[in-house]
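The primary structure of each chain is shown beneath.
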Amino acid sequence: MIRVTVWNEFRHEQEMPEVKAIYPNGIHAAIAEFLSKNEDMTVRTATLDEPEHGLTDEVLNNTDVLLWWGHAHHNEVSDEVVRKVCQRVNDGMGFIALHSAHASKPFSRLLGTRTDMLRWREDGDMQRLWITSPGHPIVKGLGDYFEVPHDETYGEQFFIPQPDNLVFISWHPGGEVFRSGCCFVRGGRIFYFQPGHETFPIYYQPEIQTVITNAVRWAAPTYPIVQTKDYSTG
Ligand code: ZN
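Residues numbered from 1 in each chain as written. Predicted model: local features only at pLDDT ≥ 70, side-chain atom pairs only at ≥ 80, totals over all residues. Heavy atoms only, no water.

## Some points on the packing of aromatic side chains
At step 1: What the rule picks out here adds up to 14 aromatic pairs.
At step 2: Look at Y23 and Y204: their rings are 5.3 Å apart centre to centre, the planes differ by 20°, and that puts the pair in the stacked class. A residue pair is termed long-range when its members are at least 10 positions apart, and Y23 in the loop between α2 (17-22) and α3 (27-35) and Y204 in the loop between β11 (188-193) and α7 (206-219) qualify at 181 residues.
At step 3: What links up through ring pairs into an aromatic cluster is the set F107, Y154, F158, F178, F184 and Y192.
At step 4: Above the ring of Y145, the side-chain terminus of R128 is found at 4.7 Å from the ring centroid. (Phe/Tyr/Trp six-rings, centres within 6.5 Å; stacked < 30°, edge-to-face > 60°. Helix = DSSP H or I, 4+ residues; strand = E, 2+ residues; numbered from the N terminus. Lys NZ or Arg CZ within 6 Å of the ring centre and 35° of its normal.)

Here it is, written out as C-alpha cells:
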C-alpha cells in the first residue's frame, strides 16, 4: 500500500471566488479524491494553515509519496518543516512538485538551484505536452502527446539541474517550450509536473489524473525508508 500525502497551500481557494468555484474543497481534496480510487493507495491531505503545516513527524514518517502544490506563500512554510521534508526525501520518500511548486522551498532545496526562475505569462493558452520518454511508467496509458486546453504558460529557461529523465516537453502557441515533466533522484524519487494553474479545472482532466497517478506509483520507495542521522544539526 502506498501512503500518499497531498499538501496544498490552500489559500487561493478560500480567497478567490473564481478558484473556489472550481475547487470548493481545495486542490488537495480534488487530487486526493481521484488518487483515493486506487486500491494500492491510502491518501491523506495537509495544508499550510494546519499546525506544522499538517506535516507532523507522525505524518511524514508515514508518508511514502508527498505531493506539493504551493504558489503565493512559499515563504510561510517553516524552514524546520522543509528540513524534515527534504531529509525524508533524501531517505527515500517520493516527492511530486505540481505547477507553481517549482518555486517551493523543498523543491529548490532538493535540487540546489534557483528553480523559481522561469519564463511565464498568464493568458489561458493551451499547451501541448509531448512525451519524450515513451515507455516510461509515468506516461503509461498516454499516446504521443496530450493537450491541456487552458493553463498558465511557462517557458524556458527553467533553472533546474538537467533532469535524470525528461518525460514531457510542453509546446505553447506563443512559441515557448518548457520541460514540463522532469524526473530526479535525491535518495527518493522526485517528479516535477507543470500543469495546474488554479483558475482552470486542470486536475479534473483524465490525462492529468493518469500522469499524477502513474507518478505516485513511480515515486513510491522500493525499499523501507530508514531515517538517517541528520548531520547538519550535529
Ligand atoms: Zn499558476
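## Describing the sheet that holds strand β7 (residues 145-148)
At step 1: Within the open sheet, the nine strands sit side by side as β2-β1-β3-β4-β11-β10-β9-β6-β7. Their pairing is mixed. Because the sheet does not close on itself, it has two edges, and the strands there are β2 (41-47) and β7. Strand-to-strand twist of the sheet, defined as the mean angle between neighbouring strand axes without regard to direction, takes the value 20°.
At step 2: Pairing of strand β1 (residues 2-8) with β2, which is carried by seven bridges, proceeds in the parallel orientation. The partner of W7 across the bridge, within β2, is A46.
At step 3: Helix-sheet contacts for α7 involve β1, β2, β3 (65-69), β4 (94-98), β7, β9 (165-171), β10 (177-186) and β11, and the interaxial angle to β11 is about 165°. (Pairing = 2+ DSSP bridges. Axes fitted to C-alpha atoms, helices over the stretch in contact; angles between N-to-C directions. Contact = heavy atoms within 4.5 Å.)

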